Amino acid sequence: MGILDKFKQGLSKTKQLLNTDIRDLFKDEGRLVDEAFLDELFETLVKTDMGVQAAQETVDDIRTGFRARVVRMEDVLQRIKEKLKSLLAQPAAPIDFAESGPTVIMVAGVNGCGKTTSIAKLGQMFISDGKKVVLGAADTFRAAAVEQLTIWADRLQTPIVTGPRGSDPASVAHRTVARALETGADVCIVDTAGRLQTQQGLMQQLTKIHRVLGKQVPDAPHEVLLVLDATTGQNGISQARHFTDAVQCTGIILAKLDGTAKGGVVVAIRQQVGLPVKYIGVGEKAEDLALFEPVSFVDALFEDLGKSL
Amino acid sequence: MFESLSQNLSSAIKSLRGRGRLTEANMREGLGLVRQALLEADVSFSVAKDFMARLTEQAIGERVLKSLDPSEQLVGIVHQELINLMGPVDHSLHLRGDLPVLMLCGLQGSGKTTTCGKLGRLVHGRGRKPMLVAADLQRPAAIDQLQVLGEQLGLPVYVETAATDPVKVCQAAVRAAKASEADLLILDTAGRLHVDRELMDQLSKIDDRMQPDQVYLVVDAMTGQDAVNSAKAFNEALELDGVIMTKLDGDARGGAALSVKAVTGVPIKFVGTGEHLDALEEFHPDRMAGRILGMGDVLSLVEQAQQKFDQEEMAKQQQRLSKGEFTLDDFKKMLGQTKKLGPLNKIMGMIPGMSGLNEMIGQVDAEKDMRRLVGVIDSMTPEERRNPSKVIDQSRRRRIAAGAGVQPHEVNELVKQFDGIADVMKRMSGMGIRDRMKTVQQLGQGGMLNPGARFAKQKKGTGKRLTPTERAQQKKLRKRELRRKKRETRTKGDK
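Residues numbered from 1 in each chain as written. Chains lettered and ligands numbered in written order. Predicted model: local features only at pLDDT ≥ 70, side-chain atom pairs only at ≥ 80, totals over all residues. Heavy atoms only, no water.

Caption draft 1: Region of the structure containing the overall build of chain A. Check the secondary structure of chain A and you find 12 helices and 10 strands. Across the 309 residues of chain A, 54% fall into the buried class. Of the contacts formed within chain A by residues at least 6 apart in sequence, a portion of 76% connects residues at least 24 apart. (Helix = DSSP H or I, 4+ residues; strand = E, 2+ residues; numbered from the N terminus. Buried < 20%, exposed > 50% of the residue type's maximum accessible area, 1.4 Å probe, protein only. Contact = heavy atoms within 4.5 Å.)

Structural data, given as structure tokens:
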């Protein structure tokens, strides 16, 4: 080895040293936070569906906080998680029950996101809490949607109000509330037909159902829950926005969270629309509905992050 | 369809436009925006990464940077790469043997049952006699749903109400189909998560026993990054032959549509574009790439027009037009025909250069406007319809407005609009389809600058601009002519 090469080798060590933050000089494990590290972090964040914007902000935050330092993954993760947890924090009681009379809950969402199943699960939950429930099958459009909810009502042994296929869904909604008042039910849950948020006519119909629900019970509907498929990507933001514009949603049921999808789009929704998640669906059975817990949700969001980095 | 991706991409490209020569740094900046557009559209991260690598390699090259219009070159490259990403597609269903079998599978709520009905309608339209098989025993009332669809379409549905084993249902369906005159089976399987071992095994078992000719995965177009995970898992379990992408009629960003082929190697064959049972279209990567880049999709539009327009009626109108006749009655028929193509904004998006117009008319309910116009025309007498601008005076206008329930000035607007359109129609009657599109495009662009005027009457050029000397000569000629006439009348009067 020539003298020059030796010199070079020595210098490269200095170079490494110069690039290292003084706080990390004596650490013997961890990784240098450089562009490659940040790129990988960005990739993992994007893969949770939390959105490019939120991912970029997080990466920028890490860049300013940890740049050129040698870090342990846990420290970085901890910082991201803390931020998200405080963003997603919400009051514990998910449903705002009416002080007197029936609590009216309206459920809406796009086609095939899991509305009817979620309603069955909600019904099951209220029934096991000792409440009297009435279901309203106001999805009069899709073939056999009424039958689907009727089968669930039979399984739960709870009354259901239906209308013939193609009839006005608002009238079914009206009769459901009337039935709840008559029978002194505690909770009345109204199903609606799935619709894409861009179909203006159908969204107006939804607004009408919302209006009709408030005719007999003041302040009704007390809750308007948007069912969101956990596999949905950034389109979820548009769904949340349009449905909230039409019927003032109060919360989200994040369905189908038992697959590999992480449902990270609710982070972006919370950021941009402000809609909180109330429940998560984790299976096909009636009892597969759980309260949304920001802490465990965020932990699950980054479950495999530690492994990949 | 794909509006936001389309918008973001065009703004990325626009940022490079009009800069003349580009440096590598400029180009990289623009490419960064392209990457962001892709990721925001839910394109799978790894797919977007590879896509950008290929794109960058070409875009940074000398050939593009030194070219006269680098941004145009970039559009061309993106277009080609998008086509490569989504294609090639073979649309044939590969129906072989006496009783070919098509099988649909997918996650819950992706739209399998509805697609089953749509696919049945499609093959029925091609002269097949399909039988739908309700093999979804999981979801309550899935069987009823398929039965209702079968009734609507007039197609037989094989149903076993109390069954628990979908494999047996499928096998029994084969026997039933052979006994009847059905010559094609479409299996609607239950929705399942790709991580559900038990149900995935069940699916492989159906695949094993039935040996379907084609297996299609039904994917919701709104799916995010997870789309590739589930598609991969289904493809490993079943060896898919194609993907059917559903719910593309919303404002889905289409990332799933762009990623699925790249990850699984399985192309999208069909796309669902509406809730009605005829809303299933063949998927053409080249046309879709064009639509994404705002280049329009005239081919699909023409195809649809050929399918849905009443050909006889069109021929009749064509004949009248070539004679220079175009009345409000024809206009009404034209409106009716256009309606058959679907929502107006969908049509606009398919005409090159018109996608921007969509945004402008976004809030205007075009359908409602069209109904109003028809209402006004219906309130006119035949004479008024033939010759609106000459016959309709104030009192007639008031009568028509009262009859149609509109304000009198709206009648006036219609007449003015009609004048403009009639003019265009007469000019277009002699043109081929390409020139016609061009005219419509020009109209649209005119409208964009001046939305209030809508179809204003176009000024016709003389085709030539005269020099001052020529003008003076013409003036001289005219004067001479005038004098000659005067002289003649005078001499006539003398006699």
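So that's the structure; there's more coming.
Caption draft 2: A look at the overall build of chain B. From N to C terminus, chain B includes 24 helices and eight strands. By residue count, 49% of the 495 residues in chain B fall in the buried class. Summarising the internal contacts of chain B: among those between residues at least 6 apart in sequence, 74% fall at separations of at least 24. Accessible area of chain B: about 24800 Å², with a carbon and sulfur share of 49%. (Areas by Shrake-Rupley, 256 points an atom, 1.4 Å probe, with all protein chains shown as cover.)

Caption draft 3: Local environment of a positive patch on the surface. All names here are of chain B. Together, K475, K476, R478, K479, R480, R483, K486, R487 and R490 give the surface a local cluster of positive charge. Mapping R480 onto the fold places it in helix α24 (residues 468-494). Residue R480 is classed as exposed on the basis of its relative accessible area, which comes to 51%. (Patch = residues over 30% accessible without salt bridge, like charges linked within 9 Å, V, L, I, M, F, W, Y side chains within 5 Å. Salt bridge = Lys/Arg side-chain N within 4 Å of Asp/Glu carboxyl O. Lys, Arg positive; Asp, Glu negative; His and termini not counted. Charge placed at Lys NZ, Arg CZ, Asp CG, Glu CD.)

Caption draft 4: Summary view of the pairing of strand β1 (residues 101-106) of chain B. Residue and element names in this part refer to chain B. Burial runs high along β1: six of the six residues are buried. A two-sided burial pattern is seen for β1, the buried positions comprising V101, M103 and C105 on one face and L102, L104 and G106 on the other. In terms of strand pairing, β1 meets strand β5 (residues 214-220) through five bridges, oriented parallel. Across the sheet, the residue bridging to G106 is V218, located in β5. (Pairing = 2+ DSSP bridges.)

Caption draft 5: How the structure looks around the packing of helix α3 (residues 52-66) of chain A against helix α4 (residues 73-88) of chain A. All names here are of chain A. In the contact formed by α3 and α4, the axes pass within 11 Å of each other and the chain directions differ by 130°. Our classification of the angle between α3 and α4 gives oblique. Crossing angle aside, the handedness with which α3 passes α4 is right-handed. Contacts between α3 and α4 involve T58, D61, I62, G65 and F66 from the former and D75, V76, R79, I80 and K83 from the latter. In terms of residue class, the contact of α3 with α4 is made up of four nonpolar, two polar and four charged. (Axes fitted to C-alpha atoms, helices over the stretch in contact; angles between N-to-C directions. Parallel < 35°, antiparallel > 145°, perpendicular 65-115°, else oblique. Left-handed = near helix turned anticlockwise from the far one by under 90°. Nonpolar A, V, L, I, M, F, W, Y, C, P; charged D, E, K, R; others polar.)

Caption draft 6: Inspection of the side chain of A:T232 at higher detail. Locating A:T232 in the fold gives a position in the loop between β7 (223-229) and α9 (235-247). A residue is classified by how much of its surface remains accessible, and A:T232, at 5% relative accessible area, is buried. Of note is the side chain of A:T232, whose polar atom sits 2.7 Å from the backbone oxygen of A:D229. Other than its neighbours up to four places away in sequence, A:T232 contacts A:D49, A:Q239, A:V265, B:M222, B:T223 and B:G224. (Polar contact = N/O pair within 3.5 Å; in protein donor to acceptor, adjacent residues only side chain to side chain.)

Caption draft 7: Structural detail: the interface of chain A and chain B. Contact residues are listed per partner, giving 41 residues for chain A and 37 residues for chain B. Taken over both partners, the interface formed by chain A and chain B buries close to 3300 Å², and the fraction arising from carbon and sulfur atoms is 56%. Residues B:K49 and A:E43 are paired through a salt bridge, measuring 3.8 Å at the closest nitrogen-oxygen approach. Counting only elements with at least two residues in the side of chain A that touches chain B, the list comes to α2 (35-47), α6 (145-156), α8 (200-216) and α9 of chain A. Tallying contributions element by element places α6(A) first for the side of chain A that touches chain B, with five residues. Grouping the constituent residues of the side of chain A that touches chain B by class yields 12 nonpolar, 18 polar and 11 charged. (Buried area = accessible area lost by both parts, 1.4 Å probe.)

Caption draft 8: Quick look at the nonpolar core. If you look at the biggest cluster of nonpolar residues, it comprises 175 residues, and the most contacted ones within it are A:L122, A:I189, B:M27 and B:M245. Apart from residues lying up to four places away in sequence, A:I189 is in contact with A:I105, A:V107, A:I119, A:L122, A:G123, A:F126, A:V133, A:V134, A:L135 and A:G136. (Core = buried A, V, L, I, M, F, W, Y, C linked by side-chain atoms within 4.5 Å.)

Caption draft 9: Quick peek at the pairing of strand β6 (residues 187-192) of chain A. All names here are of chain A. The buried fraction of β6 amounts to six of the six residues, a majority that puts the element mostly inside the structure. Across the two faces of β6 the burial is the same, with V187, I189 and D191 and C188, V190 and T192 all buried. Bridge count between strand β3 (residues 103-109) and β6: four bridges; the pairing is parallel. Looking at the pairing, V104 lines up with C188 of β6. Judged from the six bridges that link them, strand β4 (residues 133-138) and β6 form a sheet pairing that is parallel. Within the sheet, the bridge partner assigned to G136 lies in β6 and is V190.

Caption draft 10: Molecular detail of the sheet that holds strand β8 (residues 280-282) of chain B. Residue and element names in this part refer to chain B. Taken in spatial order, the eight strands line up as β3-β2-β4-β1-β5-β6-β7-β8 in an open sheet, and their pairing is mixed. Each edge of the open sheet is held by one strand with a lone partner, namely β3 (157-158) and β8. Examined bridge by bridge, strand β6 (residues 242-246) and strand β7 (residues 268-272) share three bridges and lie parallel to one another. In the strand pairing of β7, V243 is matched with I268.

Caption draft 11: View of the domain arrangement of chain A. Residues and elements named next belong to chain A. According to the domain assignment, chain A contains domain 1 (3-91) and domain 2 (103-291). Centre-to-centre separation of domain 1 and domain 2, based on C-alpha positions: 42 Å. On the domain 2 side, the residues contacting the 12 residues of domain 1 number 16 residues. By the criterion of area lost to domain 2, the three top residues of domain 1 are D49, L87 and Q90, representing 44% of everything that side buries. Inspection of the region where domain 1 meets domain 2 yields zero salt bridges. At the junction of domain 1 and domain 2, the tally comes to seven residue pairs in polar contact (both at pLDDT 80 or more). (Domains from an automatic or database assignment.)

Caption draft 12: Structural view of unusual backbone geometry. Cis rather than trans, the peptide bond between A:A220 and A:P221 has omega equal to -10°. Examined against the element boundaries, A:P221 turns out to sit in the loop between α8 and β7. The residue B:E239 is not glycine, and still its phi comes out positive at about 55°. Its location among the elements puts B:E239 in the loop between α10 (227-238) and β6. Owing to a relative accessible area of 62%, B:E239 belongs among the exposed residues under this scheme. The residue B:K247 is not glycine, and still its phi comes out positive at about 60°.

Caption draft 13: Quick peek at the pattern of salt bridges. Residue and element names in this part refer to chain A. According to the stated counting rule, one finds 24 salt bridges over all chains in the structure shown. A salt bridge links D60 to R63; its shortest N-O distance comes to 3.1 Å. Of this pair, D60 and R63 are both found in helix α3, three residues apart, which corresponds to roughly one turn of the helix. Assessed through its relative accessible area of 32%, D60 is described here as partly exposed. Judged by relative accessible area, which is 26%, R63 ranks as partly exposed. R79 is the partner of D61 in a salt bridge, and the nearest nitrogen-oxygen pair spans 3.2 Å. Of this pair, D61 sits in helix α3 while R79 sits in helix α4; the two residues are 18 residues apart in sequence, bridging distant segments of the chain. Given the relative accessible area of 32%, R79 is considered partly exposed. By sharing partners, the salt bridges in this structure join E35, D60 and R63 into a single network.

Caption draft 14: Inspection of α6(A) at higher detail. Relative to the 16 Å expected for 12 residues at 1.5 Å per residue, α6(A) spans 17 Å between its end C-alpha atoms, a close match to the ideal helical length. At the exit of α6(A) stands A:Q157, carrying a positive phi of roughly 55°. (Expected span 1.5 Å × (residues − 1).)

Caption draft 15: Layout of the sheet that holds strand β8 (residues 251-255) of chain A. Residue and element names in this part refer to chain A. Read from one edge of the open sheet, eight strands run β5-β4-β6-β3-β7-β8-β9-β10, paired in mixed fashion. Edge positions in the open sheet fall to β5 (160-161) and β10 (289-291), since each of these has one partner strand only. Relative to β8, β7 is paired through five bridges, and the arrangement is parallel. Residue L225 lies in a different strand from β8, and its bridge partner there is G251. The strands touched by α8 are β3, β6 and β7; relative to β3, the strand with the most contacts, the crossing angle is about 175°.

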